[in-house]
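Read off the chains here:
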Amino acid sequence: MSAIEHLLKPHVRDIGEFTVRRLLPAATTQTVGPFIFFDHMGPVEMAPGQGMDVRPHPHIGLATVTYLFEGEIMHRDSLGSEQVIRPGDVNWMTAGTGIVHSERSPQAMRDAGPRLHGIQTWVALPKPHENDPPSFHHHPGATLPKLELPGVRMTVIAGDAFGAESPVRVYSRTLYVAIEMDAGSSLVIPADHVQRGIYPVDGNLEMDGETLPAEHLVVLTPGQPVTISATEPSRVMLLGGDPTDGRRFIFWNFVASTKEAIEEASQRWQDDRFPHVPGETERIPLPVRR
């Protein structure tokens, strides 16, 4: 029996200053654990004066999770939060009934010519939490559990893994770990979580003797432990957890368990009835449905 249930290839999307590789949602699987959106940004080096400029836009029904390998992003939201995220930190923003935020390169980074490399994910909120009040929490990298095995270094970003638990609040059992592996090292991925995905960020990775393509999301067959090995220095993201409690509808930046919630949020944004990000007047318009 194959240890691979799905092999998801990236879809490249241009977001202006650079492109991202999107792995979730996919045609064969909408979610892996609670994760319904997975974007790999960069690595990119922009010219001096340029930078990331994602204008204010809304979310409902999800939590955004940002984790950087390189660079900085200034997060501002309609709660009044203003936080620079740096490599190894976690920004967790719960949209709930609705939040608006922007993401931009800080001015100091922009002046020098910013570099950026990281992962952005969305977590689908369980139905009992879809209408929670919005919130934002920043977790410095020093507060996250760090684990070491021979040739392997791990940071538990959210949820529980390898006997450690992150302080980041989650809404269902979650698996989210950043892993660095030296050449020649190996790691057993236990079958502790119902759904698991492996994303080789860079380097060269094998699983039970089979080469895993970089920048593809490998969704593992439930119930089977697997062993991953690095033949050169490699970075890997491990994600998953309990399955979502039913199908989710997705339109633009909105995720919900009902179409009605999507329609209501779309009309609310169209009518400018979402809260504003303090100090920002720009906004991304509601896209035309195809």
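This text goes with the structure placed above it.
Residues numbered from 1 in each chain as written. Predicted model: local features only at pLDDT ≥ 70, side-chain atom pairs only at ≥ 80, totals over all residues. Heavy atoms only, no water.

Re the pairing of strand E13 (residues 146–149)
As paired elements, E13 and strand E14 (residues 152–161) share four bridges and run antiparallel to each other. In the sheet register, Glu 148 faces E14, and the bridge partner there is Arg 153. Hairpin geometry of E13 and E14 is characterised by an intervening segment of two residues between the two adjacent antiparallel strands and by a positive phi of about 75° at Gly 151. (Pairing = 2+ DSSP bridges. Helix = DSSP H or I, 4+ residues; strand = E, 2+ residues; numbered from the N terminus.)

So, the environment of Pro 134
Its place among the elements puts Pro 134 in the loop between strand E11 (115–124) and strand E12 (135–139). In this structure Pro 134 comes out as partly exposed when scored by relative accessible area, which is 23%. Residues Pro 134 and Met 93 lie 41 residues apart in sequence; the distance between their C-alpha atoms is 7.6 Å. (Buried < 20%, exposed > 50% of the residue type's maximum accessible area, 1.4 Å probe, protein only.)

Focus on unusual backbone geometry
The amide bond that connects Leu 24 to the next residue, Pro 25, takes the cis arrangement and shows omega of -5°. Take Pro 25: it is sitting in the loop between strand E3 (19–24) and strand E4 (35–45). For the bond from Gly 42 to Pro 43, the omega torsion is 5°, close enough to zero to count as cis. Residues other than glycine seldom take positive phi values, yet Phe 162 does so here, at roughly 50°. Tracing the backbone shows Phe 162 in the loop between E14 and strand E15 (164–165).

Regarding the pattern of salt bridges
If you walk through the whole model with that rule in mind, you get 21 salt bridges. A salt bridge links Asp 39 to Arg 22; the nearest nitrogen and oxygen atoms lie 2.7 Å apart. Here Arg 22 lies in strand E3 and Asp 39 lies in strand E4, a separation of 17 residues in the sequence. Among the residues examined, Asp 39 registers a relative accessible area of 5% and is labelled buried. In this structure, Glu 130 and Arg 248 form a salt bridge, with 3.9 Å as the shortest nitrogen-oxygen distance. Of this pair, Glu 130 sits in the loop between E11 and E12 while Arg 248 sits in the loop between strand E21 (226–241) and strand E22 (249–251), and the two are 118 residues apart along the sequence. (Salt bridge = Lys/Arg side-chain N within 4 Å of Asp/Glu carboxyl O.)

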